[in-house]
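An overview of the molecular structure
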Amino acid sequence: MSENTTPLPDFTRWPSFPFEGDMRVKKLAPPVEIEPPRSGEDASDCVACGTSDDAYIWVSERWRVRAMDRPTGLPMVLILECRSHLDLGDLPNLLAAELGVMTVRLERAIRSLDGVARVHVNRWGDGSAHLHMWFLARPYGRLQLRGTFLSLWDDILPVVPESQWRENLALVAAWLADFGGKANAEPAHIEWESPATLNVPVPTDVDATEEADRRPVTLGDVETGGNPAGSSGIHNANNGY
């Protein structure tokens, strides 16, 4: 069997290409006579059509936006879908015009998030017959992630913290809802417990009146060991200590 010696394309030497080391080009398979049907060619079997609004971060009369089912490596990865079971080339004029508006609106919403430099918009139509547009956010300052390999980097990067991911989803949904529709995403709920009492040691030779005067009255007092109000403890609290 002869070894495949097809030269690697130039893009494998781009700084944005996520792999290095020994690689070789796969042998090109012969074309098929009839392509297999995509998922959801029949509307009755379409996953998008059968998914309830609760699974989407934002919904309107004609459009819906959904996220992945878990945090991603990129700051945000979202999918825009139309409610109607149509592909890109099947959109009537109304939906075609709205697609342009929704694309710009969603790009702006994602780009408004902290730490997002650019938003890549992609449409790959080989998987599902139901129109879906991908929106992928590139992290600010990560120049190695620029360009066409951003979707590959998403599977390589460590995922963002779930609390931040949920907060970003809620922000994008709220941004879209300002123009109509309904936001379904909510930020992660903070679970916390407050102490029932503050165990501040009191000298045994101090009476109750003196002890009351020593009790902390501000956060700064607590953090500086019980300094009375007006002391450097308040200054420390105001400086974020």
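Anyway, here's the lowdown on the structure attached to this text.

**With respect to the side chain of Arg64**
When you line up the elements, Arg64 lands in strand E2 (residues 63-67). Overall, Arg64 belongs to the buried group, its relative accessible area being 6%. A distance of 2.7 Å separates a polar atom in the side chain of Arg64 from the backbone oxygen of Ala48. For Arg64, the contacting residues outside a window of four places in its chain are Ala48, Thr51, Ser52, Asp53, Tyr56, Trp58, Val59, Ile79, Leu80, Glu81 and Arg83.

**Thoughts on the nonpolar core**
One finds Ile57, Leu78, Leu80, Leu106, Ile110 and Val172 to be the most contacted residues of the largest nonpolar core, which totals 30 residues. For this core, the secondary structure elements donating two or more residues are E2, strand E3 (77-82), helix H2 (93-111), strand E4 (116-122), strand E5 (132-139) and helix H4 (162-177). Sorting elements by how many residues they give to this core places H2 first, with 6 residues. For Leu106, the contacting residues outside a window of four places in its chain are Val65, Leu78, Leu80, Phe135, Val172 and Leu176. Formed by 8 residues, the second largest nonpolar core is a distinct cluster that contains Val77, Leu145, Leu150 and Trp153.

**Concerning the side chain of Thr72**
Summarising the element assignment, Thr72 is placed in the loop between E2 and E3. On the accessibility criterion, Thr72 (7% relative accessible area) is buried. Among the polar contacts listed, one links the side chain of Thr72 to the backbone oxygen of Leu74, at a separation of 2.9 Å. Sequence-distant contacts of Thr72, that is, excluding residues within four places in its chain, are made with Val77, Asp154, Pro158, Val159, Val160 and Trp165.

About the cut-offs
- Residues numbered from 1 in each chain as written.
- Predicted model: local features only at pLDDT ≥ 70, side-chain atom pairs only at ≥ 80, totals over all residues.
- Heavy atoms only, no water.
- Helix = DSSP H or I, 4+ residues; strand = E, 2+ residues; numbered from the N terminus.
- Buried < 20%, exposed > 50% of the residue type's maximum accessible area, 1.4 Å probe, protein only.
- Polar contact = N/O pair within 3.5 Å; in protein donor to acceptor, adjacent residues only side chain to side chain.
- Contact = heavy atoms within 4.5 Å.
- Core = buried A, V, L, I, M, F, W, Y, C linked by side-chain atoms within 4.5 Å.

None of the figures reported here should be taken as evidence of function without further support.
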